[in-house]
Amino acid sequence: MVAAATPPGDLIHPRAAAFRIDGSNGEAFVLVHGFTGNAAHFRHLGGQLADRGYTVNAPLLPGHGRSIGDLARVRRSDWVDATVDAIREVGDHRRVHVVGLSMGGLLGVIAATRAPVATLTTINAPIRFQNWRIRFARVARLYQRELRWPESPPPKLDPEVAPHWIHLDGFPMIAAAELFTLSRRALQAAPQVTCPGLVIQSKVDDTSHPASGRKLRRALGNDTRLLWLEHSMHNALFDTERDVIRDAIMTLTQS
């Protein structure tokens, strides 16, 4: 059964809503989307995990899925709290696995120190940013209120994932400042994570510098493996190596 947990009326698209699929094997996945993203980015992977009997809980983070103005009104603590709440919502399962994309990976790291987590997977979590505006957003926000993505045609995506390519068309600089601080807090929290982990990092990521993968794996410790993606864009869930990601996650849960 799939249930939308977010009122769809003012969403940028109905697929952006939070969703939950109840499974039968006693284990659950919490799938946490990234900055300016939404739960739609996990609908393909979430369906694959549900087909294997897992309960899937994919929240819509505060400020996301609606407008840039909404994103400007929330803070990093709201995102952390929402992630922890999503884990606790499936806390009656035997094991809870967390997968976070981009900022969702940072949130997963912090949440894993606050709630019981069996395994943690991060996908292109930005410890080091390629975009200088993110690094200096706390100052830049005094001069520039928001940043819009340049107009360009959408990437050529496989039909099975293309309908889920839904996101905001920019971001407020105040939220970017929160994201940068969140990356520092996640790196500080990482040594406290005790569950097995998987850090997935794309070598050609234009958002999260490839050094992010190495830094985060070292901080998480010896129970964490680093998996390099050779060809994937930042949102690797939409690229050609998405099945590599799925298989690596499944291997981690079965270890």
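Below you will find a few notes about this structure. In this text, all values refer to a predicted model and were calculated from it rather than measured experimentally. (Residues numbered from 1 in each chain as written. Predicted model: local features only at pLDDT ≥ 70, side-chain atom pairs only at ≥ 80, totals over all residues. Heavy atoms only, no water.)

### Considering the pairing of strand S3 (residues 27-32)
What counts, and what does not: Buried residues are those whose accessible area, probed at 1.4 Å on protein chains only, stays under 20% of the maximum for their type, while exposed residues exceed 50% and partly exposed ones sit between those limits. Secondary structure elements are taken from DSSP: a helix is a run of H or I of four residues or more, a strand is a run of E of two residues or more, and numbering for both begins at the N terminus. Crossovers are described as right-handed under a simple rule: with the strands pointing away from the observer, the path leading from the first strand over the helix to the second runs clockwise.
Counting buried positions over the six residues of S3 gives six, a clear majority of the element. What you see with S3 is no split at all: Glu-27, Phe-29 and Leu-31 on one side and Ala-28, Val-30 and Val-32 on the other are buried throughout. Crossover connection from S3 via helix H1 (residues 43-51) to parallel strand S4 (residues 55-58): handedness right-handed.

### Observations concerning the pattern of salt bridges
Selection rule: Take a side-chain nitrogen of Lys or Arg and a carboxyl oxygen of Asp or Glu: if they are within 4 Å of each other, that pair is a salt bridge.
All told, the structure shown has 13 salt bridges when counted by the stated rule. For the salt bridge of Arg-94 with Glu-27, the shortest nitrogen-to-oxygen distance reads 3.0 Å. Residue Arg-94 is found in the loop between helix H3 (76-89) and strand S5 (95-101), and its partner Glu-27 is found in strand S3; the two are separated by 67 residues along the sequence. Arg-94 sits in the exposed class, given a relative accessible area of 58%. A relative accessible area of 9% places Glu-27 in the buried class. Here Lys-203 makes a salt bridge to Glu-230, at a shortest N to O gap of 2.9 Å. A residue pair is termed long-range when its members are at least 10 positions apart, and Lys-203 in the loop between strand S9 (197-202) and helix H8 (211-220) and Glu-230 in the loop between strand S10 (224-229) and helix H9 (242-253) qualify at 27 residues. The class of Lys-203 is partly exposed, set by a relative accessible area of 42%. On the basis of relative accessibility, which here comes to 39%, the residue Glu-230 falls in the partly exposed class. Connected via shared salt-bridge partners are Glu-27, Arg-94 and Arg-95.

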